[in-house]
Amino acid sequence: MSGLLLVRGLVLSSMPIGEYDRRVLLLTKERGKISAFARGARKANSPLMAASRTNAMGEFEIFEGRNSYNLQNAHISDFFEGLVNDYDSMVTAAYVAEIADYYGREGLDASLMCNLLYVTYKALEKGEVDKKLIRLVYELRVIDINGECTDFFKCGICGKEGADNFDKKDLRLLCDNDAQGHYTQKISPQALYTLQFIVTAPLTRLYSFNLKPELFKELERIVEAIRQRAIDKPMKSAQLL
Ligand SMILES: [Zn+2]
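Note that the coordinates shown come from a computational prediction; the quantities given were computed from them, not determined experimentally.

Asker: What is the right way to look at the overall build of the chain in this model?
Answerer: Assigned secondary structure in the chain consists of seven helices and eight strands. With respect to the three principal axes, the spread of C-alpha positions in the chain is 65 × 40 × 30 Å. Put simply, the chain has 241 residues, and 37% of those count as buried. Sequence-distant contacts, at least 24 apart, represent 55% of the contacts inside the chain between residues at least 6 apart.

Asker: Looking at this model, I keep getting lost on the domain arrangement of the chain. Mind explaining?
Answerer: Interfaces are often sized by the amount of accessible area the parts lose when they come together. When the domains of the chain are assigned, the result is domain 1 (3-79) and domain 2 (82-240). Computed over C-alpha atoms only, the centres of domain 1 and domain 2 are separated by 30 Å. Elements that contribute at least two residues to the side of domain 1 that touches domain 2 include exactly β1 (3-17), β2 (21-28) and β3 (32-38). If you tally residues by element for the side of domain 1 that touches domain 2, the top one is β1, at four residues. Each residue belonging to the side of domain 1 that touches domain 2 can be placed in one class, and the counts come to six nonpolar, five polar and three charged.

Asker: Help me out: how do you make sense of the sheet that holds strand β8 (residues 184-186) in this one?
Answerer: Across a sheet, paired strands are connected by hydrogen bonds in the backbone, their directions being either parallel or antiparallel. Within the open sheet, the three strands sit side by side as β7-β6-β8. Their pairing is antiparallel. The sheet is open, and its two borders are formed by β7 (172-174) and β8, each paired with just one other strand. In this sheet, adjacent strand axes meet at a mean angle of 35° when their direction is disregarded. Across three bridges, strand β6 (residues 165-167) lies against β7 in antiparallel orientation. Considered in β7, the bridge of Asp-167 is made with Arg-172.

Asker: Please clarify how the sheet that holds strand β4 (residues 57-64) should be interpreted in this entry.
Answerer: Strand order in the closed barrel made by the five strands is β1-β2-β3-β5-β4, with mixed pairing throughout. Going across the sheet, the axis of each strand differs from the next one's by a mean of 50°, ignoring polarity. Pairing of β1 with β4 involves eight bridges; the strand directions are antiparallel. Note that in β4 the partner of Arg-8 across the bridge is Glu-59. Sheet strands touched by helix α2 (residues 87-103): β1, β2 and β3. Its angle to β1, the strand with the most contacts, is close to 125°.

Asker: Help me out: how do you make sense of the pairing of β1 in this one?
Answerer: Regular strands have side chains that alternate between both faces of the sheet. Relative to β2, β1 runs antiparallel, the two being bridged by eight bridges. Across the sheet, the residue bridging to Met-15 is Arg-23, located in β2.

Asker: It is not clear to me how helix α7 (residues 213-230) should be interpreted in this structure. Could you clarify?
Answerer: Helix length check: α7 (18 residues) gives 25 Å between terminal C-alpha atoms against 26 Å at 1.5 Å per residue, within 8%. Residues Glu-218, Leu-219, Ile-222, Val-223 and Ala-230 constitute the buried set of α7. Packed against the buried residues of α7 are α4 (131-145), β6 and α6 (189-200).

Asker: I would appreciate a short explanation of the environment of Asn-146 in the present structure.
Answerer: Inspection of the secondary structure assignment puts Asn-146 in the loop between α4 and β6. Judged by the 16 C-beta atoms lying within 10 Å of it, Asn-146 falls in the partly exposed class. Considered as a pair, Asn-146 and Arg-205 are 59 residues apart in the sequence and their alpha carbons are 20 Å apart.

Asker: How do you make sense of the pairing of β2 when you look at a structure like this?
Answerer: Counting the residues in the hairpin turn of β1 and β2 gives three residues, including Gly-18, whose phi is positive at 55°. Both β2 and β3 contribute to a ladder of seven bridges, which runs antiparallel. Among the inter-strand pairings, Leu-26 is bridged to a residue of β3, identified as Ile-34. Hairpin connection from β2 to β3: three residues lie between these consecutive antiparallel strands.

Asker: Can you walk me through the packing of α2 against helix α3 (residues 111-126) in this structure?
Answerer: Helix packing for two helices is described by the angle between their axes and how far apart those axes are. Their axes nearest at 10 Å, the elements α2 and α3 cross at an angle of 170°. Considering their axes alone, α2 and α3 lie roughly antiparallel with respect to each other. Contact residues: α2 offers Ser-89, Thr-92, Ala-93, Val-96, Ala-100 and Tyr-103, while α3 offers Met-113, Leu-117, Thr-120, Tyr-121, Leu-124 and Glu-125. Among the residues forming the contact of α2 with α3, the class breakdown is eight nonpolar, three polar and one charged.

About the criteria used
- Residues numbered from 1 in each chain as written.
- Predicted model: local features only at pLDDT ≥ 70, side-chain atom pairs only at ≥ 80, totals over all residues.
- Helix = DSSP H or I, 4+ residues; strand = E, 2+ residues; numbered from the N terminus.
- Buried ≥ 20, exposed ≤ 12 C-beta atoms within 10 Å, placed from the backbone.
- Contact = placed C-beta atoms within 7 Å.
- Domains from an automatic or database assignment.
- Nonpolar A, V, L, I, M, F, W, Y, C, P; charged D, E, K, R; others polar.
- Pairing = 2+ DSSP bridges.
- Axes fitted to C-alpha atoms, helices over the stretch in contact; angles between N-to-C directions.
- Expected span 1.5 Å × (residues − 1).
- Parallel < 35°, antiparallel > 145°, perpendicular 65-115°, else oblique.

Spelled out as structure tokens, the structure:
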């Protein structure tokens, strides 16, 4: 199969190739994660120069050859330029993109991931929500989208609703009955509500709150345990956070 494709998504990363070209890693709604060659993207006046910038989001026209994709043209709707004004935003955005890269696959619809990236970058640009909290919320939501999140609504053994003991070994919630004999920790009602909110809230409301330091710490321990199980690869950008 070969031909012209129109895909919507964003540039996760961009790498110079040779003297004038670039290779871009795109996360797209229609085709998942794809790598495309942008010929001449580093020449002045090239229409591909802006389109091949990291974080550029919009519509991309791609020629699908037998063995490769070539970026032909693009209509960029957002560059998220506000991200570069602040070091923490920039590094958090890089981390967010790295995790999207980790989960992205060619041929796997990435609509949810693209929408999540959009609202996450917007929240980082706005600067109203603590960046550490943005990172935590993103981690949990992206893990949930990929089907690897703890069920925060019911007991992982009997299925009863309202379980609030976190099983630190198997990373599940247990009711008081089933918690006996397991290494568990009570989750506070506010923390449980917040975890449930993060995995179910509409994306437009996902980054609409801040947390008191104590509550954040409680959530951080839980989310970190879940992340370590789900994402078994160190992220380069995490060292900068
Ligand atoms: Zn139970």
